[in-house]
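What follows is the residue order along each chain.
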There are 2 protein chains.
Amino acid sequence: MELRQLEYFLECAQRGSLTRAAEALYTTQPHVSQVIRALEQELGTALFRRTGSGIVLTEDGERIRFYAENAVKNAALIRDTAADAGV
Amino acid sequence: MELRQLEYFLECAQRGSLTRAAEALYTTQPHVSQVIRALEQELGTALFRRTGSGIVLTEDGERIRFYAENAVKNAALIRDTAADAGV
DNA sequence: TCAAATTACGGTCGACGTAAGGATC
DNA sequence: GATCCTTACGTCGACCGTAATTTGA
């Protein structure tokens, strides 16, 4: 598991679409699909249900979302702390 | 920034030595050195002071440590949540 | 049938190891 | 001079993009 995967996951969860997430992340939709799928395989559970017109969080996905946000937020705090220290 | 870098950082901080951290992480000491250095460059600040007989956290390093622990802990919670869901 | 996701595949860049080179006590 | 960290360098695998295929309303 890596932070980038979690960032991709959160963007997908927020937008409800791999295509929109890919745009927001400045990458391609197949790539987002690969990253999410790798995360699901690593965790051994589906995070989204594919609906044919987008994606919807599964229960597992919703449970994980909070922790993913925390992890990403703490990474941001690290960057902020380092930036403040540099000033 | 990636979780693996933060895990390396925490192990180094805890052991006070790149060599010991490398053993604990099942990798080589030059690799740990590279990872830490890349993190320091990305953050634009030194996290450790090199003493010739090990390493010591700088003030910036100490400030960041707490957030790194939080990020890694939340990643662990994600794994736990997924594992419980699988049961 | 059409939009959205998946699979296949290839190039390139980074992760990681080995070997050699400083630095500090 | 022994021990620790750093630099240099090579290889192999992963990341990410393009193209083709599949899926579901």
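Scroll up for the structure.
Notes on the structure follow. (Residues numbered from 1 in each chain as written. Chains lettered and ligands numbered in written order. Predicted model: local features only at pLDDT ≥ 70, side-chain atom pairs only at ≥ 80, totals over all residues.)

**Remarks on the relation of the copies chain B and chain A**
Then comes step 1: Mapping chain B onto chain A leaves a residual RMSD of 0.0 Å; the transformation is a rotation of 180° accompanied by 0.0 Å of translation along its axis. Put plainly, the chains are arranged around a two-fold axis. Identified as the residue of chain B closest to the rotation axis by C-alpha distance is B:Ala71, at 2.1 Å.
Then comes step 2: Residue by residue, 100% of the interface of chain B is reproduced at the interface of chain A, so both copies engage with the same surface. (Least-squares fit on C-alpha atoms with pLDDT ≥ 70 in both. Contact = placed C-beta atoms within 7 Å.)

**Some points on the protein's contact with DNA strand D**
Then comes step 1: With respect to spatial proximity, 21 residues lie near DNA strand D, and among them A:Gly52, B:Leu18, B:Thr19, B:Pro30 and B:Ser33 are the closest.
Then comes step 2: Going through the elements one at a time, helix H3 (29-43) of chain A together with helix H2 (18-24) and helix H3 (29-43) of chain B are the ones with two or more residues in the surface near DNA strand D.
Then comes step 3: The element best represented in the surface near DNA strand D is H3(B), accounting for five residues.
Then comes step 4: Tallied by class, residues from the surface near DNA strand D come to four nonpolar, 14 polar and three charged. (Near = placed C-beta within 6 Å. Helix = DSSP H or I, 4+ residues; strand = E, 2+ residues; numbered from the N terminus. Nonpolar A, V, L, I, M, F, W, Y, C, P; charged D, E, K, R; others polar.)

**Topic: the protein's contact with DNA strand C**
Then comes step 1: Contacts to DNA strand C come from 20 residues, most closely from A:Leu18, A:Thr19, A:Pro30, A:Ser33 and B:Gly52.
Then comes step 2: Among the elements of the structure, helix H2 (18-24) and H3 of chain A together with H3 of chain B are those that each provide at least two residues to the surface near DNA strand C.
Then comes step 3: Broken down by element, the surface near DNA strand C gets its largest block of residues, five residues, from H3(A).
Then comes step 4: Partitioned by chemical class, the residues of the surface near DNA strand C number four nonpolar, 14 polar and two charged.

**Examining the interface of chain B and chain A**
Then comes step 1: Taken together, the 23 residues of chain B in the interface contact 23 residues of chain A.
Then comes step 2: Residue assignment for the side of chain B that touches chain A shows that the elements contributing at least two residues are helix H1 (3-15) and helix H4 (59-86) of chain B.
Then comes step 3: Of the residues that constitute the side of chain B that touches chain A, the class distribution is 12 nonpolar, six polar and five charged.

**Some details on the packing of helix H1 (residues 3-15) of chain A against H3(A)**
Residue and element names in this part refer to chain A.
Then comes step 1: Their axes nearest at 10 Å, the elements H1 and H3 cross at an angle of 110°. Classified by the angle their axes make, H1 and H3 are roughly perpendicular. Residues Gln5, Tyr8, Phe9 and Cys12 of H1 form the contact with H3, whose participating residues are Val32, Val35, Ile36 and Leu39.
Then comes step 2: Looking at the contact of H1 with H3, its residues break down into seven nonpolar, one polar and no charged. (Axes fitted to C-alpha atoms, helices over the stretch in contact; angles between N-to-C directions. Parallel < 35°, antiparallel > 145°, perpendicular 65-115°, else oblique.)

**Quick word on H1(A)**
Residue and element names in this part refer to chain A.
Then comes step 1: Helix length check: H1 (13 residues) gives 18 Å between terminal C-alpha atoms against 18 Å at 1.5 Å per residue, within 8%.
Then comes step 2: Inspection of H1 places Leu3, Gln5, Leu6, Tyr8, Phe9, Cys12 and Ala13 among the buried residues, and these make up the whole buried set.
Then comes step 3: Looking one or two residues past H1, Gly16 carries a phi angle of roughly 70°, positive in sign. (Expected span 1.5 Å × (residues − 1). Buried ≥ 20, exposed ≤ 12 C-beta atoms within 10 Å, placed from the backbone.)

**So, H3(B)**
All names here are of chain B.
Then comes step 1: For H3, with 15 residues, the first-to-last C-alpha span of 21 Å sits near the 21 Å given by 1.5 Å per residue.
Then comes step 2: Where H3 is concerned, the buried positions are Val32, Val35, Ile36, Leu39 and Leu43. With its buried residues spanning 95° around the axis, H3 presents them on a single face. Counted as exposed and oriented over 90 degrees from the buried face of H3: Pro30, Gln34 and Gln41. (Arc of directions from axis to C-beta.)

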